[in-house]
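# Tertiary structure, described
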Amino acid sequence: MDNAAQDKVRFTRDELKRFSGMTLPDLISDRVRLLFVGINPGLRTVAVQAHFAPRGNRFWLALFRAGITDHLIDASSGFTTADRKYLLERGIGITSLVDRATASADQLTVDELVEGGQKLDRTVQEFSPRVVAVLGITAYRAAFGDRHARGGKQVSPYPATELWVVPNPSGRNAHASLPDLADAYGEVARAAGIATR
């Protein structure tokens, strides 16, 4: 969506339910250096076809606070063409472990997360980002079969790519404050060679 549509897209709860099970394409290009990996898209995210679209999600604010973006991206009504181009030119990509949209991530099965880890393997092999940052320790543990994993840099199965686990930006994640998110995201951006302000 473009600027004219920003802040004009509204859905009722029933309208959003219709997006359950639908998908969202990855935001990625051959220039990707830092690939953020969400758990799965939410209903509003799929409805407007922009990652981390709900206003309560702190992803875009954390990127801005970390100095990864030079302006606050508002994806609540979809990406502008300029923001999409800006992210790709900065070397930032976004994908999800599980493609299907749900109202909340707890509606996913462990099998779906394991399959998501395999899908991520294929994406990393195709695009070779410098850093992959999985957003959420619980999903990472399930997808990678490592129930004792802790946040931070992991032992990477990818020869040319660092693997990290950083906090999930969902407003439901009360364990991570906005400064925590900004610190973690800034760290992975610098590891990927993306300059921060």
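Residues numbered from 1 in each chain as written. Predicted model: local features only at pLDDT ≥ 70, side-chain atom pairs only at ≥ 80, totals over all residues. Heavy atoms only, no water.

Before going further, it helps to spend a moment on helix α6 (residues 137–144). Within α6, burial applies to Ala-139, Tyr-140, Ala-142 and Ala-143. The buried side chains of α6 occupy one side of the element, clustering within an arc of 170 degrees when seen end-on. Two residues or fewer past α6, Gly-145 is found with a positive phi of approximately 65 degrees. (Buried < 20%, exposed > 50% of the residue type's maximum accessible area, 1.4 Å probe, protein only. Helix = DSSP H or I, 4+ residues; strand = E, 2+ residues; numbered from the N terminus. Arc of directions from axis to C-beta.)

For strand β5 (residues 162–166), a buried count of four out of five residues is recorded, marking the element as mostly surrounded by other parts of the structure. Where strand β3 (residues 131–135) meets β5, five bridges bridge the pair, whose relative direction is parallel. Along β5, the bridge assignment pairs Val-134 with Val-165. Pairing analysis gives three bridges linking strand β4 (residues 152–154) to β5, with the strands arranged antiparallel. Across the sheet, residue Gly-152 finds its bridge partner in β5, namely Val-165. (Pairing = 2+ DSSP bridges.)

Relative to the helices and strands, Thr-196 is located in the segment after α7 (178–191). We classify Thr-196 as partly exposed; its relative accessible area is 24%. Taking the C-alpha atoms as reference, Thr-196 lies 4.6 Å from Gly-67; in sequence the two are 129 residues apart. The residues contacting Thr-196, other than those within four sequence positions of it, are Ala-66, Gly-67, Ile-68, Gly-186, Ala-189 and Arg-190. Looking at Thr-196, its side chain comes within polar contact range of the side chain of Arg-190, at 3.4 Å. (Contact = heavy atoms within 4.5 Å. Polar contact = N/O pair within 3.5 Å; in protein donor to acceptor, adjacent residues only side chain to side chain.)

Phi at Gln-49 takes a positive value of approximately 60 degrees, unusual for a residue other than glycine. Tracing the backbone through its elements, the reader meets Gln-49 in the loop between α2 (43–48) and α3 (59–65). Residue class for Gln-49 comes out partly exposed when judged on its relative accessible area of 32%.

In any sheet, the strands associate via hydrogen bonds between backbone groups, in a parallel or an antiparallel arrangement. Ordered by their spatial adjacency, five strands build an open sheet running β2-β1-β3-β5-β4, and the pairing between neighbours is mixed. Edge strands, defined here as strands with exactly one partner in the open sheet, are β2 (92–96) and β4. Along the sheet, successive strands turn relative to each other by an average axial angle of 25 degrees, direction set aside. (Axes fitted to C-alpha atoms, helices over the stretch in contact; angles between N-to-C directions.)

So, on to empty space enclosed by the protein. Inspection of the entire model under this criterion finds one cavity of 30 Å³ or more. Taken as a whole, the largest cavity holds about 30 Å³ of empty space. Surrounding the largest cavity, Leu-24, Asp-26, His-51, Thr-95, Ser-96, Asp-99 and Lys-119 form its lining. Taken together, the residues of the lining of the largest cavity break down into one nonpolar, three polar and three charged. (1 Å grid on protein atoms, 1.4 Å probe; cavity = no way out; pocket = protein on both sides within 12 Å on 5 of 7 lines; lining within 4 Å. Points joined across faces, edges and corners; volume = space filled by probe spheres on them. Nonpolar A, V, L, I, M, F, W, Y, C, P; charged D, E, K, R; others polar.)

For the rest of this paragraph, the subject is the layout of surface pockets. Taken as a whole, the largest pocket holds about 1,200 Å³ of empty space. Along its surface, the largest pocket is lined by 46 residues, and Ile-39, Ala-105, Asn-168, Ser-170 and Arg-172 are the ones closest to its centre. Secondary-structure elements contributing two or more residues to the lining of the largest pocket are α1 (13–17), α2, β2, α5 (110–127), α6 and β5. Among the residues making up the lining of the largest pocket, the classes are represented as 21 nonpolar, 20 polar and five charged. When its volume is computed, the second largest pocket comes out at roughly 170 Å³.

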